[in-house]
Every structure is written in structure tokens, then in C-alpha cells.
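Take a look at the letters that make up each chain.
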Amino acid sequence: MATLDPTFAAADVKQLSQQIASLEAQVARDEAQLDEHPLVIPEQSDPELAKYAVLQKGFYDQQVAQYKAQLTSFDAKIAQTRATIQKFQTDQSRYQDREELLAKSKTCV
């Protein structure tokens, strides 16, 4: 006859509970990012479970900051490209004016 040691079962339950808490925090982070909403993770009474919430909040904040920095960089590149296009259009107009003046000067001579 065998007996079940409750120590191992309790350890397994605790490990699985921590894994569930970690995955729930991860899901909450991913949903917040997809929906473009702030991450809100419910309070955890267990400090072991709360650390997963803090970890996912840190990942969320880091990814949101990186995303915003990339958007800012892209906006700057767009503005720079628009300024370059505007400069080229201005240059084109000046060159057309010069070409017209040159053509008029050739007909006058």
C-alpha cells in the first residue's frame, strides 16, 4: 500500500498556480496592447503572484515606450521626406523658370 506525500502535491499546486498567474498577467498585457488601453492587473494578495503582475507591467511599459519612440521616429522621417519633396518641387520650379529665360534669350538673339 502506498501513501501520497502532500508535500509534493502542495508544491505542484503552488507551481501551477504561479504559472496560471503568470499567464493571466501575460494575457492581460497582450490584450491591453492590442486594444491600446492601459494595463490594469488586479491586486494579488500573494506576493509570489504579485511579482508576475509587476513583471508584466514592466514589460508593458517598456513595449509601449518603444512603440511610441518608433512612431515619433517615423513621424520625423515623414516630416523630413516631405521637406525634401518640397525642396525638390521648389528647385524644379526655379529650373523651369531658368529654362524659360534661357529659351527667351535664345530667341531674342
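Look above for the structure.
As the structure is a computational prediction, the values presented were derived from the model and not from experiment. Throughout, a residue's number is its position along its own chain's written sequence, starting from 1. Only residues with pLDDT of at least 70 are given local features in this predicted model, and only at 80 or more are side-chain atom pairs given and counted; all residues enter the totals for whole chains, interfaces and linings. Side-chain measures were taken over the full set of non-hydrogen atoms in the model, leaving aside hydrogen atoms and water.

### A few points about the layout of surface pockets
Thinking step 1. Note on definitions: the grid is 1 Å and covers protein atoms alone; a cavity is a set of points where a 1.4 Å probe fits but cannot get out; a pocket is an open set with protein on both sides within 12 Å along at least five of seven lines; lining residues have an atom within 4 Å of a point. Grid points are joined across faces, edges and corners, and a volume is the space filled by probe spheres set on the points. Considered as a void within the structure, the largest pocket measures approximately 200 Å³ in volume.
Thinking step 2. Along its surface, the largest pocket is lined by Ala32, Gln33, Leu34, Glu36, His37, Tyr60, Gln63, Val64, Tyr67 and Lys68.
Thinking step 3. Here a helix means four or more residues in a row that DSSP labels H or I, a strand means two or more in a row labelled E, and each is numbered from the N terminus. Elements represented by at least two residues in the lining of the largest pocket include exactly helix H1 (6-35) and helix H2 (47-108).
Thinking step 4. For the lining of the largest pocket, the element with the most residues is H2, which contributes 5 residues.
Thinking step 5. Grouping the constituent residues of the lining of the largest pocket by class yields 5 nonpolar, 3 polar and 2 charged. Charged residues are taken to be Asp, Glu, Lys and Arg, nonpolar residues to be Ala, Val, Leu, Ile, Met, Phe, Trp, Tyr, Cys and Pro, and polar residues to be all remaining types, Gly included.

### Re a nonpolar patch on the surface
Thinking step 1. By definition, no residue in a patch forms a salt bridge, and every one has over 30% relative accessible area; like charges are joined within 9 Å, nonpolar side chains (Val, Leu, Ile, Met, Phe, Trp, Tyr) within 5 Å. Note that accessible areas follow from Shrake-Rupley with a 1.4 Å probe, and for residues the cover is restricted to the protein chains shown. When a carboxyl oxygen of Asp or Glu lies within 4 Å of a side-chain nitrogen of Lys or Arg, that pair is called a salt bridge. Residues Tyr67, Leu71, Phe74 and Ile78 make up a contiguous nonpolar surface patch of about 390 Å² in total accessible area.
Thinking step 2. Position of tyrosine 67 among the secondary structure elements: in helix H2.

### Points about unusual backbone geometry
Thinking step 1. Positive phi values are uncommon outside glycine, yet glutamate 36 reaches one of about 55°.
Thinking step 2. As for its position among the elements, glutamate 36 is in the loop between H1 and H2.

### Description of the environment of lysine 57
Thinking step 1. Note on placement: lysine 57 falls in helix H2.
Thinking step 2. Whether a residue is buried, partly exposed or exposed follows from its accessible area with a 1.4 Å probe, protein chains only, as a fraction of its type maximum: under 20%, in between, or over 50%, in that order. Classification of lysine 57 as partly exposed rests on a relative accessible area of 33%.
Thinking step 3. Along the backbone, lysine 57 and leucine 102 are 45 residues apart, and their C-alpha atoms lie at a distance of 67 Å.

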